[in-house]
Amino acid sequence: MFTDVKRYSFINAKLRARISAILPEKFFTDMAGCPSLTEMFNLLRSTPFSGIADIYEQTGDLKMVELELLKREIALYTDLVPHLPHEATALVRAYMTGYEIENLKNALGIFFDHVVCKRPPDDAVHYLLRDKIINDLPYDALINATSIGELPVIFERTPYGATVAEHRAEIEQKASLFPLLAALDRLYYRYLIEEARRLPPADRRIALRLVGIEIDLLNVNWIMRFKTYYNLPYSAISGLIIPGGQSVVGETLRKVFESQQLSAPLTTMLNRSYPQIAALMATQPQEHGERLAFVERLLEKIMIEEISRLMRGYPFTVGIILAYFMAKRLEIKRIRTVLNAGLLAVTPQQAATLL
Amino acid sequence: MFTETMLRLFAIVSERNGEQVTRALLELGVMQFITISTLEGEAATGYRDASSLSADRAVQLGELRKRLESFLGSSGIVPRIPPAVTAETAHFDIGEERRRIDTLASGLQGIRERQRIIQNDILKYSEIRRQIDLYGSSMTSGILHTDSSFISLLIGTLPLRQAAAVEEELSRIPAVSLPIGDDGTRRHMIVISMKRDRSRAEAVVSAANWIPVEPAAEVRGAPGDAIESVNTRLAALRDEQDKLQVQSKALITDRRDELVDSWVRLRLNELYQNVQSTFRRSSHTLLFTGWIPASKRHETEQAVAAATGGTYYLEWLSPEHVSDLREEKYAAPVKLHNPRIFAPFQMLVTNFGIPEYGSIDPTPFVVITYLTMFGLMFADLGQGAVVLLLGIIGRLRLKKDSPYAKVSSLLIWCGAASIVVGALFGSLFGYAATRPLWFDFHGIISGHAHPSAGIRSIYDILGITVKFGITVICAGLLFNWINLIRLRRWTELILDKGGLLGGWIYGGGVYCGWFMVMHGYRQLPGSATLLLLLGIPALLLIAHGPVHHAKKRHAVTAGNIATWVMEWAVELLEIFSGYLANTLSFMRVAGLGIAHVSLMTAFFTMADMVRCGVHGFSGTLAATLLIIAGNVMVIALEGLSAGIQALRLNYYEFFTKFFHGMGKLFTPVALRDNNH
C-alpha cells in the first residue's frame, strides 16, 4: 500500500486538480446553443481552449482547428509522461501508439486514394499530422509512393514494417486497404494489452478492464457496421475481431451479430456492469444508421461511468491516469462535435443530442 | 463585526405606478427580489401571476445581451452601464437589436469564410513548396519526378500578350507560373500546381494557345525560382489573411459606440423585465417583495414614495419574523460591510464561503491574523518594501475591475506587514542591519543571540507561534459560541466539539501542555485536575447523541445506543487529536520564518566564499549579484509560500472553528455593481 501511495500520490493530486478544470456539461449545451461558429469560438475564449479560438480567428478554417485539437490531445500524453511513475509510462506510450496508428491510417488512405483508386488527391494531405508521436514515420514517402510494392520498403525500418509486409499481397489482391487497417488496430490493442499485463496486479486489473471495455465496444461497432453496410457473413467478420474483450466475447459476439436488435446480449452485459445505462437500451432506434450512432453514444456513457468509478475508487492506482485521459479525450471530442454541428448549421436541439 | 442586518420588504403599489417603481428600485439597486408567485401562505392570494411573460422576455433579452457581450469581449471591450444612464427603457425594439446582432454575426462569419478560402490556398502553396523541397532537387538536372510527388508540372509556351491574364487566372487555382524566357512572340513557362488541380491548370493554359515543350532545357535552375515564387504568393496570401483578421476586428471596434449602446439598452430592459417578473398583480395593484439592507430602508421608502406619489403600502419584517425563512431559497441573504480597503481580505473570506446570516463576518479578524502570520514568516524591511512596490505598480497598472487588482492590494498590505515585522527583527534584505525593536531573529538562527535577551532560542520562537495559535483557536471558539447564541442553537453551543464542552477540553489541554513544559516535559497535572479539565467534559460529551435524538422525538433502540457510543468515541478522538494538530500547526509560522532567515544566511555565506575566492572588483560584483539573486528568489518563493501558509492557517485552523460558509450572498438587482 505504501508503495502505491509513493508511486501515485503526486500524479494523483496533479491529475485530480486538472480533472476539476475540465469543462462542465452545461458549457457544451451553451456552446451548442450558439447561433454561429464565431459565437461558439467566442465562448471558448474564456476557457483553456482560447488558443484554438485564435486559430479560427486567423484562418477561418475548422479543419486547422481540428488539427490543433488533435495536437493538444497527443500533447496531453507527451506532457504527462515525465511526471508518471515508470510503471505507467509504457502503458501511456502504448496509448500514444493509438494516435500514431490513426494518423498512419489517414496517410495510408491518402496514398490509396491517389495510387490505387486514381482519385485526385484531396485536401486531406494538408491536414495530415507530420509531427513525431512515438516513432519517426515516413509520411511523405508514403503519400508520394507510386505503387503498393513500395510500401514494405518504406515501412521497413518502422515497427509497422512486418504488418505492412504481411498484408501487402492482400491489399493488391482485394484492392482494399481494409485488411491492413484492421491489422493495425489489432496491433495497437495487442500493444495495450501487453503493456497492461506488465503492470503491478491492482493496476493490471484496472487497465485490462478498461482496454477490454474499449475492445468490446469497438467489436460491437464493427460487427454492426459490417452487417449493415456490407452484409458479410459472421465467418468473414470473425477473423477481424480484436481479441482481449471484457464481456462481449466468443458466443456473445455471435449473438450480437445474429440478433436483429442490440438488446439481448448487450443488455445482459450492461445490466451486469452498468445498470443505469442499461435503461437506455429501451430507446434504441430501429434504423441501422441511427443504431450505429446509438452505439457510439452508449460507448460515451460507459466511458463517463468508468471515469466516475475510477474517481470514486482507491486513488493510488493507474486508474486516475486513465480516468484523466478518458475525461480529456471526451472533452476534446465534445468540442469537435459541437463545432462541426455549428459548421453544418445543425439546430441547437440536434447538436445537444449529439453530446 | 456581524453581517449586515437585512429586512424583508412587502410592498403594494398601484399598477399604474409599476413602471416608475421598477425604475426607481433599479436606480437604487439595493433590493434582492423574490419571485412572489412562489410564496406560499403569503398575502399573494387573489393576485394573478403575470410574471412568466416578463420572465420569458428577460430570458430572450439575456440571450441577446450575452451574444453581444461575447462579440464585444472578443475585441477586448467590456461593456458597462455608464453612470449618466438612468433606468429609462423607452424606444426599445427587440427585433431591431436582434437584427443588429445577426447582421454582425453574419458579417463576421462572411469574413471567416473568405479567410477559409485563402487558408486553403495557403495550404496548397505550402504543400507545393514542401514537395519542391522534397523532390525539386532533381529539377537542376532538368528532370522533375512529378510522378512521385503531389505536385504537377506543365511546361510550354504561350503568346506573350496572353501571359499576364493567364498568370492571374492560374493564381486563383492556385498554381505557380514561372516565366523562363521570351522569344519575341511567345513566353516560355513552367506551371506548378497540386496534382488535383492539374486539369484546371491545363484548361486555363489550353484556352491561351498553350504549346507543351520538352522540359530538359527550360527547367534548369527552376527550383529556386519556384520556391521564390511560392514564397511571394504565400507572403501575399498571409498578408491578405492578416488584413481580413484586422477587418473582422474592425467590424466590432468601428461600431463600438453603437454596439455598446445596444448592449446598454438590452441590459436595462433585461433588468427591468427581471424585476417585473417577480411582481404579482391584481386588477389595480402590484405586490412585490424582497430583501433590503436595513440601512437602506429610508432611501427605499423615499424612492417608492416619489415613484408612486405617496400611494403605496410597505411592510418591513425582520428575518426572524418571516415565516418562510427556514426554506433555504428564501433565507435572508448576506451582505458583508467592510471598509473598501479590506476588500482583498473580504475576497479571501468569500473565497472560503459566505458566512451565515447574522453570524460574525471574520474579515476584520483576518486582516489581523493573516498579516501577523505573513509578517512573522516573511519579516524583512527591504524585501517587504519590494513586495509593497510590486503591489503599488499592480494597482496603478491594472484596471479597477481586473481580478488581479485585489491581489495587488493584498501585496501592498503584505509588504507593509513585512516591513513592520522586519523592523521588529531588524532585518534588511537578509542583513541584520538595524537594531531589532523586539528580538534578534538573525542572531538566534546564527547562534549568537545576546544572552540577556528575553527570546534566546529557536524554542522560544516556536513558543511564540504556539501561543499565537492558541489565541487564534480560542478566538475561533469564542466566535462560534457568539454565533450559536445569536442563532439560538443551544444544543450545539453546549455539546458540540466547537461548543462550550469542546472549549473546556481545549482549555484543559492547553493547561496540561503548559504544566508539562513548566515541569521539563516530565510531569502531568494531578489526576483530580485531569479529571476536572479533561475527564468530566469528555464524559459529558456523550450526551450529544441522545439529546440530538430526543429533539427529533424518535424512539430509542439498542442500535441507537451503540451508535452514540461510537460517535462519542470518534468525536473524542477528533477533539484530542484535532485540537493538538491545530495548535501545533501554527509552528509552521516559526518554521517558515526560520527558513527565510536561513536561506538568506546561506546566500551570504555563498557570497563570502565567492568574495574570498575571486579577488578584486569581479569578486565583489559576483558576490553582489549572488545576493541580489538570492533576494529575488526568496521574495518569489518565500513570499508565495508565506502567503499560502497564512491563508491555509486561516482557512483550516481558524475558520473551521466557527465559519460554516452556508450563507447566500446578497445580490441586489442594480444598474451598476455597487455591492462591494
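About the criteria used
For every chain, the first residue of the written sequence is number 1, and numbering continues from 1 along that sequence. Whichever chain is written first becomes A and whichever ligand is written first becomes 1, with later ones labelled in order. Thresholds applied to this predicted model are a pLDDT of at least 70 for local features of residues and 80 or more for the giving and counting of side-chain atom pairs; totals over whole chains, interfaces and linings are not thresholded and use all residues. Where side-chain values are given, they derive from all heavy atoms of the structure, hydrogens and water being excluded. Starting at the N terminus, helices and strands are each numbered in turn, a helix being any DSSP run of H or I of at least four residues and a strand any DSSP run of E of at least two. To get the radius of gyration, use the C-alpha atoms; to get the globule rule, take the number of residues to the power 0.38 and multiply by 2.2 Å. Think of it in three bands: residues with accessible area under 20% of the maximum for their type are buried, residues over 50% are exposed, and the middle band is partly exposed, with areas taken using a 1.4 Å probe on protein chains only. When checking whether two residues touch, look at their non-hydrogen atoms; a contact exists if any pair is within 4.5 Å. Should DSSP find at least two bridges between two strands, the strands are regarded as paired. Axis definition: a line fitted to C-alpha atoms, limited for helices to the stretch in contact. Angles are taken between N-to-C directions and run from 0 to 180 degrees. By the definition used in this description, the sense in which the near helix is turned from the far one sets the handedness, with an anticlockwise turn below a right angle giving left-handed and a clockwise turn giving right-handed. Asp, Glu, Lys and Arg are counted as charged, while Ala, Val, Leu, Ile, Met, Phe, Trp, Tyr, Cys and Pro are counted as nonpolar; the rest, among them Gly, fall into the polar class. Buried area is a sum: the accessible area each of two parts loses on coming together, probed at 1.4 Å, counted once for each and added. For salt bridges, the criterion is a side-chain nitrogen of Lys or Arg within 4 Å of an Asp or Glu carboxyl oxygen. Throughout this description, a polar contact denotes any pair of N or O atoms lying within 3.5 Å of each other; where both atoms belong to protein, one of them has to be capable of donating a hydrogen while the other can accept it, and for residues adjacent in sequence the pair is counted only when both atoms sit in side chains. Surface patches are defined over residues having more than 30% relative accessible area and no salt bridge, joining like charges when they lie within 9 Å and nonpolar side chains (Val, Leu, Ile, Met, Phe, Trp, Tyr) when within 5 Å. Working definition of accessibility: Shrake-Rupley area with a 1.4 Å probe, residue cover restricted to the visible protein chains. A helix is expected to span 1.5 Å multiplied by its residue count minus one. As used here, the arc belongs to the directions running from the helix axis to the C-beta atoms. The term nonpolar core refers to a set of buried residues drawn from Ala, Val, Leu, Ile, Met, Phe, Trp, Tyr and Cys, joined through side-chain atoms within 4.5 Å. Just so you know, the domain bounds were taken from an automatic or database domain assignment. Here is the rule: rings of Phe, Tyr and Trp (six-membered ring for Trp) pair when centre to centre is within 6.5 Å. Planes less than 30 degrees apart are stacked, more than 60 are edge-to-face, and the remainder are tilted. The rule for a charge over a ring is simple: NZ of Lys or CZ of Arg within 6 Å of the ring centre, and within 35 degrees of the ring normal.

Caption draft 1: A look at the overall build of chain A. Across its full length, chain A holds 18 helices and zero strands. Computed over the C-alpha atoms, the radius of gyration of chain A is 21 Å, within 12% of the 20 Å expected from 2.2 N^0.38 for a compact globule of 355 residues. Dimensions along the principal axes, computed over C-alpha positions, put chain A at roughly 50 × 50 × 45 Å. A burial count over chain A gives 52% of its 355 residues as buried. Here the contacts in chain A between residues at least 6 apart in sequence split such that 67% fall between residues at least 24 apart.

Caption draft 2: Quick peek at the sheet that holds strand β5 (residues 186-194) of chain B. Residues and elements named next belong to chain B. Ordered in space as β4-β5-β3-β6, the four strands form an open sheet in which the pairing is antiparallel. Two strands in the sheet have a free side with no partner beyond their single neighbour: β4 (175-182) and β6 (211-212). In this sheet, β6 lies alongside strand β3 (residues 151-159) in antiparallel orientation, the contact comprising two bridges. What sits directly across from Thr-157, in β6, is Ile-211. Against the sheet, helix α4 (residues 160-171) touches β3, β4 and β5, its axis set at about 155° to β3. On the sheet, helix α5 (residues 198-206) packs against β3 and β5 and is oriented at approximately 0° with respect to β3.

Caption draft 3: Spatial organisation of the packing of helix α3 (residues 37-44) of chain A against helix α4 (residues 50-59) of chain A. All names here are of chain A. At a minimum axis separation of 8 Å, α3 and α4 run at an interaxial angle of 145°. Between α3 and α4 the crossing geometry is left-handed. Contact residues: α3 offers Leu-37, Thr-38, Phe-41 and Leu-44, while α4 offers Ser-50, Ile-52, Ala-53 and Tyr-56. Of the residues assigned to the contact of α3 with α4, the class counts are six nonpolar, two polar and no charged.

Caption draft 4: Fine view of the interface of chain B and chain A. Taken together, the contacts link 29 residues of chain B with 29 residues of chain A. Interface of chain B and chain A: buried area, both sides summed, is about 2500 Å²; carbon and sulfur atoms make up 51% of it. Run the count over chain B and chain A and you get three salt bridges. In this structure, the connection of chain B to chain A is made through 11 residue pairs in polar contact (both at pLDDT 80 or more). When contributions to the side of chain B that touches chain A are tallied by element, the ones reaching two or more residues are α2 (51-74), α3 (94-135) and α6 (222-253) of chain B.

Caption draft 5: Inspection of a nonpolar patch on the surface at higher detail. Residues and elements named next belong to chain B. On the surface, a cluster of nonpolar side chains totalling about 550 Å² of accessible area is made up of Leu-389, Leu-390, Ile-393, Tyr-404, Val-407 and Leu-411. Mapped onto the nonpolar patch, the elements with two or more residues apiece are α11 (381-397) and α12 (405-425). Counting residues per element, the nonpolar patch draws most heavily on α11, at three residues. Inspection of the secondary structure assignment puts Leu-390 in helix α11. Note on Leu-390: relative accessible area 47%, which makes it partly exposed.

Caption draft 6: Representation of helix α8 (residues 297-308) of chain B. Residues and elements named next belong to chain B. Between its first and last C-alpha, α8 extends 16 Å over 12 residues, near the 16 Å set by a 1.5 Å rise per residue. Taken together, the buried positions of α8 are Thr-300, Ala-303, Val-304, Ala-307 and Thr-308. One face of α8 carries all of its buried residues, which in axial projection span an arc of 115°. Opposite the buried face of α8, at more than 90 degrees from it, the exposed residues are His-298 and Ala-306. Turning to α8, the residues buried within the fold contact β1 (6-14), α1 (18-28), β8 (285-293) and β9 (312-317). One or two residues past the end of α8 sits Gly-309, with phi positive at roughly 70°.

Caption draft 7: Geometry of the nonpolar core. Core analysis: the largest hydrophobic core is formed by 145 residues, its most contacted members being Phe-41, Ile-321, Ile-335 and Leu-339 of chain A together with Ile-192 of chain B. Counting the residues that make up this core, at least three belong to each of domain 2 (51-126 + 236-275) and domain 3 (127-235) of chain B. With residues up to four places along the chain from it excluded, the contact list for Ile-192 of chain B reads Ile-128, Ile-132, Ile-151, Ser-152, Leu-153, Ala-175, Val-176, Leu-178 and Ala-226 of chain B. With 69 residues, the next largest nonpolar core counts Cys-414, Leu-533, Phe-586 and Val-589 of chain B among its residues.

Caption draft 8: Broad picture of the packing of aromatic side chains. Residue and element names in this part refer to chain B. With the rule as written, the count across this model stands at 37 aromatic pairs over all chains. With a centroid separation of 4.9 Å and 25° between ring planes, the pair formed by Phe-279 and Phe-288 is classed as stacked. Overall, the relative accessible area of 1% leaves Phe-279 in the buried class. Ring plane angle 45° and centroid distance 5.9 Å describe the contact between Phe-654 and Phe-655, whose orientation is recorded as tilted. Accessibility assignment for this pair places Phe-654 and Phe-655 in one class, buried. Site record: aromatic cluster; members linked through ring pairs are Phe-352, Phe-365, Phe-479, Tyr-651, Phe-654, Phe-655, Phe-658 and Phe-659. One Lys or Arg, Arg-8, reaches over the ring of Trp-291 and ends 5.4 Å from the middle of that ring. Residue placement shows Arg-486 over the ring face of Phe-2; its charged tip is 3.7 Å from the ring centre.

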